[in-house]
Amino acid sequence: MIKSNTNTTNTAKIANLAKELVNLTVTEVNELTIILKKDYGLESNHQNITETVPINQEQKKENLRYNMILKSSGTSKLAVVKLIKEITGRGLKDSKELVDSVPTTIKESLNKEEAELLKKKFEEIGAEIELIN
């Protein structure tokens, strides 16, 4: 009986942890990664994961969600602020603060088509954008 109760407790604990991890922002995930590497010596073993899980590559690309990171506003900071305001619906002040705090996440969870379209718009006005999935 004790083992079964312990297993139930552990399962609930792990389920709660998973729920918390799924709801982390990009910044929080980056901070967690740094802590795991620095304090615990854990490194990502991404190659082994992808090798053991066969996934249709086209389907994988279509289902990916991208976060748009502003790396640099380039020479036309005002144009970048206006475009951020337009695509995020934020106010002018909030948009300017995003530009002033590069690198920063502009939008999260974009599909591939939308992410590439927005990236192109930013690059046309001289900004540097990184898409992270």
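Counting from 1, residues in each chain are numbered in the order their sequence is written. Selection of residues for local features in this predicted model requires a pLDDT of at least 70, selection of side-chain atom pairs for listing and counting requires 80 or more, and totals for whole chains, interfaces and linings are taken over all residues. For side-chain calculations, the full set of non-hydrogen atoms in the structure is used, while hydrogens and water are omitted.

Each patch is built from salt-bridge-free residues with over 30% relative accessible area, joining like charges within 9 Å and nonpolar side chains (Val, Leu, Ile, Met, Phe, Trp, Tyr) within 5 Å. Residue exposure ignores everything except the shown protein chains as possible cover, and the areas themselves are Shrake-Rupley values with a 1.4 Å probe. The working definition used for a salt bridge is a side-chain nitrogen of Lys or Arg within 4 Å of a carboxyl oxygen of Asp or Glu. On the surface, Leu-17, Leu-21, Leu-32, Ile-35, Leu-36, Tyr-40 and Leu-42 cluster together to form a nonpolar patch covering roughly 630 Å² of accessible area. Counting from the N terminus, the helices are DSSP H or I runs at least four residues long and the strands are E runs at least two residues long. For the nonpolar patch, the elements supplying multiple residues, two or more each, are helix 1 (2-22) and helix 2 (26-40).

So, about the nonpolar core. Judged by nonpolar contacts, the single largest core of 17 residues is most densely connected at Met-68, Leu-70, Val-80, Ile-84, Ile-106 and Phe-122. Per-element tally for this core: the top contributor is helix 5 (residues 77-88), with five residues. In these notes, a set of buried Ala, Val, Leu, Ile, Met, Phe, Trp, Tyr and Cys residues joined through side-chain atoms within 4.5 Å is what counts as a nonpolar core. For every residue, the accessible area obtained with a 1.4 Å probe (protein chains only) is divided by the maximum for its type, and the residue is called buried under 20%, exposed over 50%, and partly exposed between those limits.

Put simply, the protein chain has an average pLDDT of 80, and 80% of its residues get 70 or more. The predictor attaches a confidence to each residue, and that confidence, scored 0 to 100, is pLDDT. The weakest mean pLDDT in the protein chain belongs to helix 3 (residues 46-52) at 45; the strongest belongs to helix 5 at 94. Any two residues having at least one pair of non-hydrogen atoms within 4.5 Å are treated as being in contact. Confidence drops under pLDDT 50 across residues 46-53; counting only partners more than four residues distant or on other chains, this segment forms one contact.

Moving on, we get to the pattern of salt bridges. Under the definition given, this model contains four salt bridges. The residue Asp-100 makes a salt bridge to Lys-96 at a minimum N-O spacing of 2.6 Å. Linking Asp-100 with Lys-96, this pair stays in helix 6 (residues 92-100), spanning four residues, or about one helical turn. Classification of Lys-96 by relative accessible area gives partly exposed; the value is 41%. The salt bridge involving Lys-119 is made with Glu-123; its shortest N-O contact spans 3.8 Å.

Moving on: the side chain of Thr-104. Examined against the element boundaries, Thr-104 turns out to sit in strand 2 (residues 104-110). The exposure class assigned to Thr-104 is buried, which follows from its relative accessible area of 13%. Ignoring any residue separated from it by four or fewer positions in sequence, one finds Thr-104 in contact with Met-68, Ile-69, Leu-70 and Leu-98.

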